[in-house]
Amino acid sequence: MDLALIDRVRADLVAARFTVDALGALWGSEADAALERGNRLPAVRALADDPSPLATLATLFVLGLPVGVEAAERALPNVTLSGAQELGLLDVRNDFVAALIDLRPYDFLDAQGAGSWWIASDLGELATGRALRTDHVLGVGGASLTLSGLLIPDPVDSVLDLGTGCGIQAMHASRWARRVVATDISERALWFAGLNAALNGIENIEFRLGSLFEPVAGERFDRIVSNPPFVITPRSTAVPEYEYRDGGMVGDALVEAVVSGAREHLIAGGIAQLLGNWEYRADPPGIGTDGLQRAAGWAEAADLDAWIIERERQDPAQYAETWIRDGGTLPGSEEFERLCAAWLDDFAARGVTGVGFGYLVLRRPETASAPRLRRIERLDAPLGRGTAGLGSHLASALAAADWQAARDDDEVLAARLIVAGDVTEERSHWPGEPDPSVLLLRQGGGFRRELRVGTELAAIVGACDGELSLGAIVVAVAELLELDLTELRRSTVAEARELLLDGMLLVGSGG
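Predicted model, so just to flag it, every value in this text is computed and none were measured. (Residues numbered from 1 in each chain as written. Predicted model: local features only at pLDDT ≥ 70, side-chain atom pairs only at ≥ 80, totals over all residues. Heavy atoms only, no water.)

(A) Representation of the packing of aromatic side chains. Evaluation of the coordinates by the stated rule reveals ten aromatic pairs. Ring geometry for Y319 against W323: centres 6.3 Å apart, planes inclined by 55 degrees, an arrangement best described as tilted. Remark: W323 and Y319 occur in helix α13 (residues 316-326); sequence separation between them is four residues, near one turn of the helix. Aromatic ring contacts, followed pair by pair, group Y106, F108 and W117 into a single cluster. (Phe/Tyr/Trp six-rings, centres within 6.5 Å; stacked < 30°, edge-to-face > 60°. Helix = DSSP H or I, 4+ residues; strand = E, 2+ residues; numbered from the N terminus.)

What follows is the structure, given as structure tokens:
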């Protein structure tokens, strides 16, 4: 890869102001929203007769439409058309220039602050007008954004990005890790990932070709991050195998393999974070196998601490429809029905009744005797603006888990706790009744939890301002509400431990 030519591409993108904000201003919010829905016509109309380099680059690389040679030359004066062809970005056909890749600006906000990059990937079906190629390299999609928002941003020495794709997770990790190793089974994916790192001046990522943990045999890392190709696909030659989403294994075995192999490649205390699917099965008859507990069993078998969150569950038909459409085959066609039948037959053969999707946070224990973390839950509440900032929340929650694991009940009661600043209380009353019928604690950040509580717990949480110990507050509330002190102490400790994990209570400086 010619780094000098890539530097010239960067200079042209900067000169044209090829940014998220500039594109939004160029074609407007309605066209922006239409593009999100897969409709480029409003943006095309907005750019009609606009000769600016920004409009030309947007037409080429975002909308996937050809432009005239003269317009392309004006937009790329530094790299030139011959240089862009040499890099594999463009194809010149007679008097027109066509993009060979999708290239667009990307803005983000993380614990290190705001940032912006350009991300290259394969052209989508909107630009090509056909179903995706099986070695298609995806750009920044919903799953990518989810995982990047979940990444714990504490500085570390080394990170492994397993199945890097276009390289987006490795790039995010490069902001808080000294070095990053990014692997993929696809040479095409590694080409795009290397291009993206070079285009954005990122120099601390090493790229390696190979399947799963093979390229890092014998190595250990502080962190492992992975958006693995976890999509459950029928193992049939009649069903396309897309490298970016299909790991080539039966059912959910790919995610199980990542979980099983993580411990060997983590240092003591190291953390793995990944997205995954897990199957719900009808076997044994009348009882069935809970998919979320299957995922928990993988972590337990690997001797890893685990916090696994299921965000969504789909029935077999929904799951099949989602991923068939993802490949560019539309409902109503004979091909769609043929593929759907293959998926349903595959699920039926294994007795699959549903598929769960969610997040896995896994940790190798510091020592064999260290207290173990096992938190397995379903959370389907909306996350507002998405997962941005959840990485810091997860880091705090893990620290809270370690803090309380090292303390008995008396030590928890001796601590000075503080109610988190994003927690609010909601009271509902029946008309004419002085006492609330429902008390809710709501979390504005994190996982936006809602907890229904009693009057006594609401009073205790409300008094947690770091001045008094939790035990002193319990004594005061027990006297005020005329409650049994021993029972209130017992219940409060259990509830406080959960609230600490949830991030609704924090340990004060005197704790």
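(B) Structural detail: unusual backbone geometry. One non-glycine residue with positive phi stands out, namely D49, at about 65 degrees. By secondary structure assignment, the location of D49 is in the loop between α3 (41-47) and α4 (53-62).

(C) Spotlight on the pattern of salt bridges. Scanning the model with the defined rule gives 37 salt bridges in all. D102 is paired through a salt bridge with R104; the nearest N and O atoms lie 2.7 Å apart. On the basis of relative accessibility, which here comes to 35%, the residue R104 falls in the partly exposed class. Linking D346 and R350 is a salt bridge whose minimum nitrogen-to-oxygen distance equals 2.9 Å. Under the relative-accessibility criterion, D346 is labelled buried at 15%. A cluster of three or more residues bridged by salt bridges with shared partners is formed by D252, E279, R281, R294, D346 and R350. (Salt bridge = Lys/Arg side-chain N within 4 Å of Asp/Glu carboxyl O. Buried < 20%, exposed > 50% of the residue type's maximum accessible area, 1.4 Å probe, protein only.)

(D) Structural view of the pairing of strand β13 (residues 374-378). Residues of β13 alternate between two faces, with R375 and E377 buried on one and R374, I376 and R378 left unburied on the opposite face. Relative to β13, strand β11 (residues 305-314) is paired through five bridges, and the arrangement is parallel. In the strand pairing of β13, I309 is matched with E377. (Pairing = 2+ DSSP bridges.)

(E) Highlighting the sheet that holds strand β9 (residues 221-226). With mixed pairing, eight strands are arranged side by side in an open sheet as β8-β7-β6-β9-β10-β12-β11-β13. The outermost strands of the open sheet, each flanked by one partner alone, are β8 (205-209) and β13. With strand direction ignored, the average angle separating the axes of adjacent strands in the sheet is 20 degrees. The sheet contact formed by β11 and strand β12 (residues 352-363) spans nine bridges and is antiparallel. Counted as the bridge partner of A306 is L362 from β12. Strands β9, β10 (266-281) and β12 of the sheet are contacted by helix α8 (residues 142-150), whose axis makes an angle of about 145 degrees with β10. (Axes fitted to C-alpha atoms, helices over the stretch in contact; angles between N-to-C directions. Contact = heavy atoms within 4.5 Å.)

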